[in-house]
Amino acid sequence: MSPSSEAHQDAVIRLAAPDDRTAIEALTEEAYRPYTQLFDAPPIPVTEDYRPHIAADGVWLLESGGELAGVIVLETEADHMMIFSVAVSPRFQGRGFGVRLLRWAENRARAAHLPEVRLYTNARMEKNIALYGAFGFTETGRRPNPVRPGWTLVDMAKRVDARP
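Residues numbered from 1 in each chain as written. Predicted model: local features only at pLDDT ≥ 70, side-chain atom pairs only at ≥ 80, totals over all residues. Heavy atoms only, no water.

Enquirer: Can you lay out the pattern of salt bridges for me, pointing to particular residues and giving the numbers?
Expert: Within the structure shown, the criterion is met by 13 salt bridges. With a closest N to O distance of 2.5 Å, Glu29 and Arg33 form a salt bridge. With Glu29 and Arg33 both in helix 2 (residues 21–39) and four residues apart, the pair spans about one turn of that helix. Relative accessible area serves as the criterion here: at 32%, Glu29 is assigned to the partly exposed category. Members of the salt-bridge network, linked through shared partners, are Glu106, Arg110, Lys158 and Asp161. (Salt bridge = Lys/Arg side-chain N within 4 Å of Asp/Glu carboxyl O. Helix = DSSP H or I, 4+ residues; strand = E, 2+ residues; numbered from the N terminus. Buried < 20%, exposed > 50% of the residue type's maximum accessible area, 1.4 Å probe, protein only.)

Dropping the structure here:
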């Protein structure tokens, strides 16, 4: 069995609790550090207050071998599931955990009878845009970032059908 398969077998996704906030913030800062350096400022998920997301049951943790490996923040809207952030610790990157979290979000949308999963990312995060595209997301538009003047957001969406 390959290390990647083993990592998938022992990985679990669970709902975050208030006590997880510090670990969520640390993992997010670590995962986004290359972009913080590229932009000379932290991306929005790094500066986000995760308390309201946790209180709304919108933060999910992927743990592998008892360690926090990834975080996904979801917002359920009337007609879609919004991925606010998905982050994988650099120590766990390259094992398919990012795709696993995306697939998990897609299945949650399907279970909630929502036809679409959406997300947005910075136009300069080309690696992420390519990953989302390979996973089936399509670009739906570009717009100025309302919080960070001069930054451009790329909106993306993926239709989900009724079957897994």
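Enquirer: Please provide a residue-by-residue account of the nonpolar core, values included.
Expert: Ranked by size, the top nonpolar core spans 28 residues in total, and within it Ile72, Leu74, Ile83 and Phe137 carry the most contacts. Within the residue set of this core, elements represented by two or more residues are strand 2 (59–64), strand 3 (67–76), strand 4 (81–88), helix 5 (97–111), strand 5 (116–122), helix 6 (126–134) and strand 7 (152–159). Here this core takes six residues from helix 5, the largest share from any one element. In this structure Ile83 touches Ile72, Val73, Leu74, Leu102, Ala105, Val117, Arg118, Leu119, Tyr120 and Phe137, once residues within four positions along its chain are discounted. Formed by 19 residues, the second largest nonpolar core is a distinct cluster that contains Leu27, Tyr32, Ile54 and Val71. (Core = buried A, V, L, I, M, F, W, Y, C linked by side-chain atoms within 4.5 Å. Contact = heavy atoms within 4.5 Å.)

Enquirer: Go over the pairing of strand 3 with me, naming the residues and quoting the values.
Expert: Taken across its ten residues, strand 3 has seven buried, putting it largely inside the fold. Relative to strand 3, strand 2 runs antiparallel, the two sharing six bridges. Note that in strand 3 the partner of Val59 across the bridge is Val73. The turn linking strand 2 back onto strand 3 is made up of two residues, and Gly65 within it adopts a positive phi angle of 60°. With seven bridges connecting them, strand 3 and strand 4 associate as antiparallel partners. Bridge pairing in strand 4 places Glu75 opposite Met82. Connecting strand 3 to the next strand, strand 4, in antiparallel fashion are four residues. (Pairing = 2+ DSSP bridges.)

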